[in-house]
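If you want the building blocks of each chain, they are given just below.
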Amino acid sequence: MITGTNGQIPEDLADIGFDMVNSFKLLGFDVSWNLDNLTTNTGKISLKLISIANYWRRFNLSLPGRISIAKTFMYAQIGYVCSILSPTQEQINNYRSIIFSYVNCRAPVAQDRIASPCEVGGLGLFDICDYITSLQASWVKRAYVRTHDNWSYDINKATAGNPLVLHPTVINQETNPVLHTIAISWKKFISEFYKQNKNISKAFLLNNPIIHRSGDDRGILTENLFAQNPPIPKTELAKLKIDQIWCNNRMKPFHTVANITSVPLSLNNYMRLGTALTNYHNRLSREQPAINQSISIDHYLVRFKKGSKPIRNILQKPKTDKQQKKLPNYFRTFFRITGLDMPETEQLKHFSMSWQMTCLPNRLKDFTFQLIYNKLAVRNRLSHMVVDNPIDRACTFCTIAKQLPAPEETFIHLFWDCTTTSVLLNKLISNFIPELNALGDNELKSFVLTGLAQTRYPIITQVTRIIFLYLIWDMHQKKGYGTGKPSK
Ligand SMILES: [Zn+2]
């Protein structure tokens, strides 16, 4: 089979005796002679995802368990094919809906929080689009670090030896659909990278996707634009960076540029660059944050050895920043019903990550998640949801201890105010964590319910705190009151 031709088999090939076919399967990919079935490869992923979700649903896993299944088995299905082929938007929506509905089935959170990091109130999954873009863009890093394959040679050739200036316009989509896909993803990533932390100040100029030629011409700075006599060596042009010619919001003098850089720019091209950079400065630089921690893309990529996570982090950052602003909203109810003060953002981040403590077993992680996001069915919450058969709102423990009339079972009563809870807590502290005796009443309440305190306690104290809360909840459930049915 010959791909990318008119389908006619030349006579010299037809005569050599091999079977000629119109399509074949290679490493799980279906490939046809005119490449018209590439999207069927990405279409099959949905079926595999449904089958994985249906299989694992039988085990009724906890939330952290479901997240692990999604990351280990489901994203891997997407990653294998989509690291070189881009699915259609409809297919991406399908993947998203299958994975997210599997993970987010019990005690669900808002859709925009599923694919956010835990420290900003999310479930810690990642967005499918960003995941695919980062996988594809990471091929460029490989081509930059080492050229030892045909494909990385092709990228280097198209970019005059600097793959970091890759742009879809330098790859022919007809003859090289996979590299073109990679170039599109690289463009998405590098545009976002240059917009963050003023990284644009150390950016490459050639094919830079966010620098336009002028106010009227939104074309990028391509190699053809720099045609001059004598011509500029392509490899030198591909290495030219903005900070070599631009400083303190203006172009460096013409002679300085000529001395510093190894690019022999003509006056005409120097003026052309001046127009483009001034236009960029006027158009976008005011939108950049004031902090200047800029880093060049070549330095960023050598910070990590392999993987696509650092690339995905750059793509996710705008969404993460947006989500962080909403963080206090997620916990407003928790701090209102516990009567505690809302902590600062950094402490709030720790609080929202407390359910992801690595040493906790999944059951405790699941419980902590429900605890901090107000999803535990204490009886005063439950009574709002059951209309036909009103639930007794009295505290489970106080009813058993015959402290009548038993107070209403609210969250704060069950985990703090209840006499049974406080007796058990006092015993726990005096026997196992006496250092907590030094805390005032409000500080102790804050530590027990949130894990936040002025003193930094060892991890074992934090785990003991969570186990204590879990045992209170477990005991409450086992007494038969958690379901709303009073036991005999
Ligand atoms: Zn009670």
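Analysis parameters
Residues numbered from 1 in each chain as written. Predicted model: local features only at pLDDT ≥ 70, side-chain atom pairs only at ≥ 80, totals over all residues. Helix = DSSP H or I, 4+ residues; strand = E, 2+ residues; numbered from the N terminus. Rg over C-alpha atoms; globule rule 2.2 N^0.38 Å. Buried ≥ 20, exposed ≤ 12 C-beta atoms within 10 Å, placed from the backbone. Contact = placed C-beta atoms within 7 Å. Axes fitted to C-alpha atoms, helices over the stretch in contact; angles between N-to-C directions. Parallel < 35°, antiparallel > 145°, perpendicular 65-115°, else oblique. Left-handed = near helix turned anticlockwise from the far one by under 90°. Nonpolar A, V, L, I, M, F, W, Y, C, P; charged D, E, K, R; others polar. Domains from an automatic or database assignment. Arc of directions from axis to C-beta. Pairing = 2+ DSSP bridges. Core = buried A, V, L, I, M, F, W, Y, C linked by C-beta atoms within 7 Å. pLDDT = per-residue confidence, 0-100.

Peer 1: Mind showing me how you'd approach the overall build of the protein chain here?
Peer 2: Each helix and strand in the protein chain was counted, giving 22 helices and four strands. By the compact-globule yardstick of 23 Å for 488 residues, the protein chain is too spread out, its C-alpha radius of gyration being 30 Å. Along the three orthogonal principal directions, the C-alpha set of the protein chain runs to about 95 × 65 × 40 Å. Put simply, the protein chain has 488 residues, and 31% of those count as buried. Sequence separation of at least 24 residues holds for 60% of the intrachain contacts in the protein chain that already meet a minimum separation of 6.

Peer 1: Can you walk me through the packing of helix α8 (residues 177–195) against helix α14 (residues 309–338) in this structure?
Peer 2: In helix packing, the relevant descriptors are the interaxial angle and the interaxial distance, both defined with respect to the helix axes. The contact between α8 and α14 brings their axes to 9 Å, and the two run at 65 degrees. One finds that α8 runs roughly perpendicular with respect to α14. As α8 runs across α14, the sense of the crossing is left-handed. Within the contact between the two elements, α8 uses Phe-189, Glu-192 and Phe-193 and α14 uses Ile-311, Ile-314 and Leu-315. Looking at the contact of α8 with α14 residue by residue, the classes come out as five nonpolar, no polar and one charged.

Peer 1: I would appreciate a short explanation of the domain arrangement of the protein chain in the present structure.
Peer 2: By a frequent convention, interface size equals the accessible area lost on bringing the separate parts together. Looking at the protein chain, the domain boundaries give domain 1 (1–33), domain 2 (42–126) and domain 3 (332–481). Between the C-alpha centres of domain 1 and domain 2 there is a distance of 36 Å.

Peer 1: Would you explain helix α15 (residues 345–353) in this entry?
Peer 2: Listing the buried residues of α15 in full gives Leu-348, Phe-351 and Ser-352. Along the long axis of α15, the arc covered by the buried residues comes to 95 degrees, so they all point the same way. Those residues of α15 that are buried are in contact with α14, α16 (362–372) and α21 (441–450).

Peer 1: Just to check I follow, could you spell out the pairing of strand β1 (residues 23–26) for this structure?
Peer 2: Two faces make up the sheet, and in a regular strand the side chains alternate between them. Relative to strand β2 (residues 29–32), β1 is paired through four bridges, and the arrangement is antiparallel. Bridging across to β2, Ser-23 finds its partner in Ser-32. Where β1 folds back onto β2 in an antiparallel hairpin, the turn is made up of two residues, including Leu-27, whose phi is positive at roughly 50 degrees.

Peer 1: Where do I start with the packing of helix α3 (residues 63–82) against helix α6 (residues 128–145) in this structure?
Peer 2: Two elements in contact, α3 and α6, have axes separated by 10 Å at closest approach and are oriented at 40 degrees. Taken together, the axis directions place α3 and α6 in an arrangement best described as oblique. Judged by the sense of rotation from one axis to the other, the crossing of α3 with α6 is right-handed. Residues Tyr-75, Ile-78, Gly-79 and Cys-82 of α3 lie in contact with α6, whose contacting residues are Ile-128, Tyr-131, Ile-132 and Leu-135. In terms of residue class, the contact of α3 with α6 is built from seven nonpolar, one polar and no charged.

Peer 1: Would you mind going over the environment of Thr-410 with me for this structure?
Peer 2: Along the chain, the position of Thr-410 falls in the loop between α18 (396–400) and α19 (411–417). The spacing of Thr-410 and Arg-379 is 31 residues in sequence and 6.8 Å in space, taken between C-alpha atoms. Excluding residues that lie within four positions of it along the chain, Thr-410 makes contacts with Ile-337, Val-378 and Asn-380.

Peer 1: Would you mind going over unusual backbone geometry with me for this structure?
Peer 2: Leave glycine aside and you will find that most residues have negative phi; peptide bonds, for their part, are mostly trans. Of the consecutive residues Leu-404 and Pro-405, the connecting peptide bond is found in the cis state with omega at -5 degrees. Counting through the fold element by element, Pro-405 comes out in the loop between α18 and α19. For Ala-160, which is not glycine, the phi torsion reads 50 degrees and is therefore positive. Backbone geometry places Asn-197, a non-glycine residue, at a positive phi of 50 degrees. With respect to the element layout, Asn-197 can be found in the loop between α8 and α9 (234–239). For Asn-197, a count of 17 C-beta atoms within 10 Å puts it in the partly exposed group.

Peer 1: Where do I start with the nonpolar core in this structure?
Peer 2: Looking at soluble globular proteins, one finds that nonpolar side chains tend to be buried together. Ranked by size, the top nonpolar core spans 54 residues in total, and within it Leu-49, Ala-70, Ile-78, Tyr-95, Ile-99, Val-103 and Leu-125 carry the most contacts. If you tally residues by element for this core, the top one is α3, at nine residues. Residue assignment places this core across two domains, with domain 2 (42–126) and domain 3 (332–481) each supplying three or more. Every residue in contact with Leu-49, bar those within four places of it in the chain, is listed here: Met-74, Gln-77, Tyr-95, Ile-98 and Ile-99. Counting residues in hydrophobic clusters, the runner-up holds 41 residues, among them Ile-182, Phe-193, Phe-204 and Ile-242.

Peer 1: Looking at this model, I keep getting lost on the environment of Asn-60. Mind explaining?
Peer 2: Checked against the element boundaries, Asn-60 lands in the loop between α2 (38–57) and α3. By C-beta crowding, Asn-60 is classed as exposed, having 9 other C-beta atoms within 10 Å. Residues Asn-60 and Cys-105, spaced 45 residues apart in sequence, show a C-alpha to C-alpha distance of 11 Å.

Peer 1: Even after reading the chapter, I still don't get the confidence of the model for the protein chain, so can you show me in this structure?
Peer 2: One rule of thumb: low pLDDT means the predicted coordinates there are not for detailed reading. Summing up the model confidence of the protein chain, the mean pLDDT is 88 and the portion of residues at 70 or higher is 94%. When the criterion is pLDDT under 50, residues 482–488 qualifies, and its contacts beyond four places in sequence or with other chains add up to 13 contacts.

Peer 1: Is there a simple way to explain the environment of Phe-415 in this structure?
Peer 2: Structurally, Phe-415 can be placed in helix α19. Note on Phe-415: 22 C-beta atoms within 10 Å, which makes it buried. Spatially, the C-alpha atom of Phe-415 lies 9.6 Å from that of Phe-468, the residues being 53 residues apart in sequence. If near-sequence neighbours (up to four positions away) are discounted, Phe-415 is found in contact with Thr-421, Leu-449, Leu-469 and Ile-472.

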